[in-house]
Amino acid sequence: MSEGYLQALKLRAERVERLTSWCTEHLASAESRVLEIGCGHGHFLTAYATANPKQNCVGIDLVTKRIEKATTKAEKRNLTQLKFLKAELSEFLEALPPEIQFDRVFMLFPDPWPKKRHHKNRMIQPAFLRRLTEITTPKADFCFRTDHEDLFAWTVEHLEQSPGWAINANAEWPLEETSFFQELMDSWRSLVAVKVKR
Ligand SMILES: C[S@@+](CC[C@H](N)C(=O)[O-])C[C@H]1O[C@@H](n2cnc3c(N)ncnc32)[C@H](O)[C@@H]1O
């Protein structure tokens, strides 16, 4: 293994360790937890946390500037139960201590990666859906929205094939609030999946 590769592995392990400490400090004592993956500027989760003051909400995103903007929004509104965290999804999923589980997970307008050779980069993958069952409580739901038809069909297909999740066609979208990317779109499709009882 090259030295550069070993260094990258070491830095990743350090980031994961820091994320574990953050989760323990900020989420371990919460009674109800909600996660937004790829929260961008935090528009949606800020509105959701305002409407649901008893739920502890955390939004993660890769981009530092977006997390900073989102954090400013939460602080201005004095929403102490709302936190934004700069984290890459796979590192966050690896870092989460087993006792920290979410009651609801949002994914709104994730990058569609439209080219076939890039589909492997889509966040919705069998391994992600398996891990999602581990990091959620028994009655949890997964709320997904996209403007991209092919990504919507991909997500439906993956959820249908996943033993841990079932799409609930009758479930209502928990809160209508326009996210930053939604504002740019003419139309979108949503689904709510619930955890399958075992
Ligand atoms: C198209 S934007 C949507 C942002 C927001 N949900 C909205 O509706 O306005 C997708 C977001 O996902 C974030 N993202 C992409 N890949 C990610 C990853 N692996 N881990 C965490 N965030 C990621 C991007 O930085 C970006 O902010």
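Residues numbered from 1 in each chain as written. Predicted model: local features only at pLDDT ≥ 70, side-chain atom pairs only at ≥ 80, totals over all residues. Heavy atoms only, no water.

Draft legend 1. The arrangement of the nonpolar core in detail. Ranked by size, the top nonpolar core spans 35 residues in total, and within it Leu-35, Phe-92, Phe-102, Phe-128 and Phe-142 carry the most contacts. Ignoring sequence-local partners within four residues, the contact set of Phe-92 consists of Leu-19, Cys-23, Leu-35, Ile-60, Leu-85, Ala-87 and Phe-102. One finds Ala-70, Leu-79, Cys-143 and Trp-173 within the second-largest nonpolar core, a separate group that totals 19 residues. (Core = buried A, V, L, I, M, F, W, Y, C linked by side-chain atoms within 4.5 Å. Buried < 20%, exposed > 50% of the residue type's maximum accessible area, 1.4 Å probe, protein only. Contact = heavy atoms within 4.5 Å.)

Draft legend 2. Structural view of the UniProt feature "binding site: substrate" (unreviewed entry) in the protein. In this structure's numbering, the residues bearing the UniProt feature "binding site: substrate" (unreviewed entry) are Lys-115 and Asp-147. Counting through the fold element by element, Lys-115 comes out in the loop between β4 (102–108) and α5 (126–134). With a relative accessible area of 47%, Lys-115 lands in the partly exposed category. On the secondary structure map, Asp-147 appears in the loop between β5 (136–146) and α6 (149–161). Overall, the relative accessible area of 32% leaves Asp-147 in the partly exposed class. Excluding its chain neighbours within four sequence positions, the residues that come into contact with Asp-147 are Phe-109, Met-185, Ser-187 and Trp-188. (UniProt positions renumbered as here; feature names shortened; annotations may be inferred. Helix = DSSP H or I, 4+ residues; strand = E, 2+ residues; numbered from the N terminus.)

Draft legend 3. Summary view of the site of the ligand. Surrounding the ligand, one finds 18 residues, the nearest of these being Gly-38, Asp-61, Arg-66, Leu-108 and Ser-179. At 3.3 Å, a backbone N or O of Leu-62 approaches a nitrogen atom of the ligand. Taking 600 Å² as the accessible area of the ligand by itself, protein coverage stands at 91%. Grouping the amino acids of the shell around the ligand by side-chain chemistry returns 10 nonpolar, 3 polar and 5 charged. (Near = heavy atom within 4 Å. Polar contact = N/O pair within 3.5 Å; in protein donor to acceptor, adjacent residues only side chain to side chain. Areas by Shrake-Rupley, 256 points an atom, 1.4 Å probe, with all protein chains shown as cover. Nonpolar A, V, L, I, M, F, W, Y, C, P; charged D, E, K, R; others polar.)

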